[in-house]
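Single-letter residue listing:
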Amino acid sequence: MLLDAASLYFRAFYGVPTSVTAPDGRPVNAVRGFLDMTARLLTAHAPDRLVACWDDDWRPAFRVEALPSYKAHRLSPEGGEETPDELGPQVPVLVDVLAAAGVARVGAPGYEADDVIGTLATRARGPVDVVTGDRDLFQLVDDARGVRVLYTARGISDIEVVDEAAVTAKYGIPGRSYADFAVLRGDPSDGLPGVAGVGAKTAAALITEFGDLAGIRAAAARTAVPKAPLTAAVLRRLHAGAEYLDAAPVVVAVARDIDMPAVEGALPRRPADPAALAALADAHGLRSSLGRLGAALGWPADVLG
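These figures come from a predicted structure and were not determined experimentally.

Q: Could you give an account of the sheet that holds strand E5 (residues 147-154), with specific residues and numbers?
A: Taken in spatial order, the six strands line up as E3-E2-E1-E4-E5-E6 in an open sheet, and their pairing is mixed. Two strands lie at the open edges of the sheet, namely strand E3 (104-106) and strand E6 (158-162), each paired on one side alone. This sheet shows a mean twist of 25° between the axes of neighbouring strands, independent of strand direction. Pairing of strand E2 (residues 51-53) with E3, which is carried by three bridges, proceeds in the parallel orientation. Note on E3: the bridge partner recorded for Cys53 is Val106. The strands touched by helix H2 (residues 29-45) are strand E1 (2-4), strand E4 (128-132) and E5; relative to E5, the strand with the most contacts, the crossing angle is about 135°.

What follows is the structure, encoded as structure tokens:
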């Protein structure tokens, strides 16, 4: 089970009221929500390995170089990612809690969590559940390899299982074609404009007819007599968007071959540092959430003292 950590703690922050606080009054809603969601996922899906995948770089240079608009709307005045004031201080707490609990947390310099997930999913020798609220990771679904997405569609408790059939049912495209679909349609949440005038239905029709983005562009280059789905209007739009179509695939495609060390991710049968975890639990009011996480992991009931 691969957790898209930033996606989940943002979801937790917005899904759990900020009135959930530590003894000193600081909000811990994102931490509590993240831990509670992880406990529910472990109980429901019983993975034998667990990795929290981290954004070491939420806006990698290679993606910005290809498409300067990539996530530009999320930039803070200081140049980092714009984050709610109540959330920022909770992230280091979550880092400390995961370390003390012994849950593997993995990032890669210059890459997003998506790329860490893509690499680990590609390396895996067995089934993989990717937990995320980011549709970009639908491109990883692979029924033959048992890779699916547990999509946090709404809040932190409503999980939608996404396999190839679900992608096809939702978007009308082959199960592993989501990246090309996103390039054509665009995704405002990532600053991805798409091809002007090409919406979801047209994008799906083009992919169904020509297989992938390369096939679509090849067909557009050789088509002399317009015919649906390559109508005269669609041809004009594809030609007008040629520069964007050259750049966008680099931005949308999840990296699957990052040079990073092997990650075991074995479930911790006891906390890595019980004393530190107990101190964090008391300081931040996390005993109930850590109790639920511990129960899901099979920890002894008295592990936190």
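Q: Please give an account of helix H9 (residues 213-222) that cites residues and values.
A: Every α-helix winds through 3.6 residues per turn, so residues three or four apart in the chain are directed the same way. Within H9, burial applies to Leu213, Gly215, Ile216, Ala219 and Ala220. Take H9 and look down its axis: the buried residues cluster within an arc of 165°, on one side only. With respect to the buried face of H9, the exposed residues turned more than 90 degrees away are Ala214, Ala221 and Arg222. Tucked inside the fold, the buried residues of H9 contact helix H7 (178-185), helix H8 (200-210), helix H10 (232-240) and helix H11 (242-252). Where H9 begins, one side-chain oxygen reaches toward the backbone nitrogen of Ala214, 3.3 Å away; that side chain belongs to Asp212.

Q: Could you give an account of the packing of H2 against helix H13 (residues 287-297), with specific residues and numbers?
A: Two elements in contact, H2 and H13, have axes whose closest approach is 8 Å; the angle formed by their N-to-C orientations is 20°. Classified by the interaxial angle, the pair formed by H2 and H13 is roughly parallel. Here H2 and H13 pass one another in a crossing that is left-handed. Contacts between H2 and H13 pair Arg32, Leu35, Asp36, Thr38, Ala39, Leu42 and Thr43 from the former with Ser288, Ser289, Leu290, Arg292, Leu293, Ala296 and Leu297 from the latter. By residue class, the composition of the contact of H2 with H13 is seven nonpolar, four polar and three charged.

Q: So what about the packing of aromatic side chains? Which residues, and what values?
A: For the coordinates displayed, the defined rule picks out ten aromatic pairs. Centroid distance Tyr9 to Trp54: 5.8 Å. Interplanar angle 50°. Geometry classified as tilted. Residue Tyr9 is found in helix H1 (residues 5-15), and its partner Trp54 is found in the loop between E2 and helix H3 (61-66); the two are separated by 45 residues along the sequence. Just as Tyr9 is buried, Trp54 falls in that class too. Above the ring of Trp54, the side-chain terminus of Arg105 is found at 4.8 Å from the ring centroid.

Q: Quick one: what's the story with the domain arrangement of the protein, residue by residue and with numbers?
A: Per the domain assignment, the segments making up the protein are domain 1 (2-171 + 255-297) and domain 2 (175-252). Between the C-alpha centres of domain 1 and domain 2 there is a distance of 31 Å. Of the roughly 1800 Å² buried between domain 1 and domain 2, counting both surfaces, carbon and sulfur atoms make up 51%. For domain 1, the biggest contributors to the area lost against domain 2 are Leu67, Gln139 and Tyr171; these three give 31% of the whole. The interface formed by domain 1 and domain 2 contains four salt bridges. Here Arg176 and Asp142 are joined by a salt bridge, their closest N and O atoms 3.6 Å apart. Sorting the residues of the side of domain 1 that touches domain 2 by element identifies H3 and helix H6 (164-171) as the ones contributing at least two each. Per-element tally for the side of domain 1 that touches domain 2: the top contributor is H6, with four residues. Each residue belonging to the side of domain 1 that touches domain 2 can be placed in one class, and the counts come to eight nonpolar, four polar and seven charged.

Criteria and cut-off values
Residues numbered from 1 in each chain as written. Predicted model: local features only at pLDDT ≥ 70, side-chain atom pairs only at ≥ 80, totals over all residues. Heavy atoms only, no water. Pairing = 2+ DSSP bridges. Helix = DSSP H or I, 4+ residues; strand = E, 2+ residues; numbered from the N terminus. Axes fitted to C-alpha atoms, helices over the stretch in contact; angles between N-to-C directions. Contact = heavy atoms within 4.5 Å. Buried < 20%, exposed > 50% of the residue type's maximum accessible area, 1.4 Å probe, protein only. Arc of directions from axis to C-beta. Polar contact = N/O pair within 3.5 Å; in protein donor to acceptor, adjacent residues only side chain to side chain. Parallel < 35°, antiparallel > 145°, perpendicular 65-115°, else oblique. Left-handed = near helix turned anticlockwise from the far one by under 90°. Nonpolar A, V, L, I, M, F, W, Y, C, P; charged D, E, K, R; others polar. Phe/Tyr/Trp six-rings, centres within 6.5 Å; stacked < 30°, edge-to-face > 60°. Lys NZ or Arg CZ within 6 Å of the ring centre and 35° of its normal. Domains from an automatic or database assignment. Buried area = accessible area lost by both parts, 1.4 Å probe. Salt bridge = Lys/Arg side-chain N within 4 Å of Asp/Glu carboxyl O.

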